[in-house]
Amino acid sequence: MKRYSAFAIAREGARYHQGWERAWRAPEPKKKYDVVIVGAGGHGLATAFYLGKNFGITDVAIVEKGWLGGGNTGRNTTIIRSNYLQDPSAAIYEKARALYETMSQDLNYNVMFSPRGVLMLAQTQHELRAYKRTAHANALQGVSTEVISPDRVRQLCPIIAIDGPRYPVLGALWQARGGTARHDAVAWGYARACSDMGMDILQQCEVTGVRQKAGKVSGVETARGFIGCDKLAIVTAGHTGQIAQMAGFGLPVESISLQALVSEPIKPCLDVVVMANTVHGYISQSDKGEMVIGGGTDHSINYSQRGAFYHIEETVRALVETFPMISRLKMLRQWGGIVDMTGDRSPILSKTPLGNCFVNCGWGTGGFKSIPGSGWAMAELVARGEPGPLAAAFGMDRFRQGRFIDESVAAGVAH
Ligand SMILES: Cc1cc2nc3c(=O)[nH]c(=O)nc-3n(C[C@H](O)[C@H](O)[C@H](O)COP(=O)(O)OP(=O)(O)OC[C@H]3O[C@@H](n4cnc5c(N)ncnc54)[C@H](O)[C@@H]3O)c2cc1C
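Residues numbered from 1 in each chain as written. Predicted model: local features only at pLDDT ≥ 70, side-chain atom pairs only at ≥ 80, totals over all residues.

Draft legend 1. Region of the structure containing helix α10 (residues 371-384). Taking 1.5 Å per residue as the helical rise, α10 with its 14 residues ought to reach 20 Å, and the 20 Å between its terminal C-alpha atoms agrees with that figure. With 12 of 14 residues buried, α10 is to be regarded as a mostly interior element. Positive backbone phi, at 80°, marks G385, one or two positions downstream of α10. (Helix = DSSP H or I, 4+ residues; strand = E, 2+ residues; numbered from the N terminus. Expected span 1.5 Å × (residues − 1). Buried ≥ 20, exposed ≤ 12 C-beta atoms within 10 Å, placed from the backbone.)

The structure is reproduced here in structure tokens:
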């Protein structure tokens, strides 16, 4: 595959852009692969990429029921940060954040990583104390964060109403190298690199069954016929429970719709990401000028990818307290994605009761930021059959053993 470069843009510009290749192939499924990955979201594609890059395993199919990146990966609000409390979480999210720094160069694809900084507002004394604790933990974990004063918050984000009306801003947890990236581009960049390594991305190919022989996986039934495999990785976010059921085991995961909305585009007025956890909402401004606003999860388990009107009211009402200027904006679009929530709000990267079948799920409301780190760790798990240091704590046995990795505060607001 030809590399993208300034020279290529100039060359194609001179010949009316007739010479660009397709970014990835659309092959027919083979009868069998070494590894089949179910789900062409960011996590599935990143797993495939690092299987090829770190372990030389390229006889891989990524099987997707819709279009690649059409699940939560293309529906999120793109916040990237690694300021988690527990050591295993900080390790995997910081690995991911570091990989985002060089992702455009590594994939030869502009993912528009923008380390503009993430502010998590403290609007109660309790929140301020909790963020001080997180900043201390982050210092020990090698994650660069700091607690900053209301004055500094005002400098970084002049549109905040610092004094109220209900909850004055008392400070914030600031991660200067957190930020955003273009979510589709992350999926497209990985897809192009995987295709370039000879891997097959099979879209419109729903998995409908998992076959096994002598306690080990032997392949998957799909809408495009049976596909055999030596190893299977289930990476389907909100649908992971369904595929696990096909493979004969259950998972401690609930699927719920999480909502987001964007406003009409306006002139640049916000160049950091702000999360206001007390009033519950978060906001950033896209390069197009739209205010990207994150809402909450629905109140009951469901598989809907649609927006719900009451979320606009609830979310905007909450944010208007801290950002009064929002009240003047028209909202443009609203949508939902099916997120997979575990009890401790931490992911599962694990072997399963079925031999050679592995699962990566439970990223819930916050798995965009972790895509490269998760792919890195999952590739190691699939290639070696055992988790490496990044994934070791995230086995599904922890729910039986009571070894929870409680991130309910760090993941308390949907993001
Ligand atoms: C509104 C919203 C806002 C969010 N905001 C943020 C944020 O700001 N920051 C952050 O870090 N995270 C955020 N998240 C969470 C993040 O989007 C997800 O954790 C992450 O994208 C999950 O990626 P994935 O690859 O696991 O899943 P997905 O991208 O959902 O991919 C799974 C794929 O599996 C496919 N699939 C399902 N069933 C089958 C089947 N039977 N056969 C074949 N394929 C199948 C699906 O079609 C889908 O493409 C947000 C999520 C939502 C919904």
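Still to come is the rest of the account.
Draft legend 2. Structural context of the pairing of strand β2 (residues 60-63). Of the two faces of β2, the one holding V60 and I62 and the one holding A61 and V63 are both buried throughout. Here strand β1 (residues 32-38) pairs with β2 via 4 bridges, running parallel. Its bridge partner lying in β2, I37 is registered against I62. Taken together, β1, helix α2 (residues 42-55) and β2 constitute a β-α-β crossover, and its handedness is right-handed. (Pairing = 2+ DSSP bridges. Right-handed = clockwise from strand over helix to strand, strands pointing away.)

Draft legend 3. Examining the site of the ligand more closely. Lining the immediate surroundings of the ligand are 40 residues, of which G39, G41, G71, G337 and G367 lie closest. Residue assignment for the shell around the ligand shows that the elements contributing at least two residues are α2, β12 (253-265) and β16 (331-342). (Near = placed C-beta within 6 Å.)

Draft legend 4. Just the nonpolar core, in detail. Ranked by internal contacts, the top residues of the largest apolar core, which has 117 residues, are V36, L45, I62, V63 and L119. If you count residues domain by domain, this core takes at least three from each of domain 1 (29-79 + 85-94 + 183-252 + 344-401) and domain 2 (111-178 + 254-342). Excluding residues that lie within four positions of it along the chain, V63 makes contacts with V36, I37, V38, L202, C205, V207, V220, T222 and I227. (Core = buried A, V, L, I, M, F, W, Y, C linked by C-beta atoms within 7 Å. Domains from an automatic or database assignment. Contact = placed C-beta atoms within 7 Å.)

Draft legend 5. Here's a closer look at the sheet that holds strand β4 (residues 118-122). Spatially, β5-β6-β4-β13-β14-β15-β12-β16 is the arrangement adopted by the 8 strands of the open sheet, whose pairing is mixed. Only two strands of the sheet have a single partner each, and these edge strands are β5 (146-148) and β16. Looking at each pair of strands side by side, their axes are set apart by 25° on average, direction ignored. Summarising the sheet, β5 and strand β6 (residues 171-175) pair through 3 bridges and their orientation is antiparallel. Residue pairing in the sheet places I148 in a bridge with A172 of β6. (Axes fitted to C-alpha atoms, helices over the stretch in contact; angles between N-to-C directions.)

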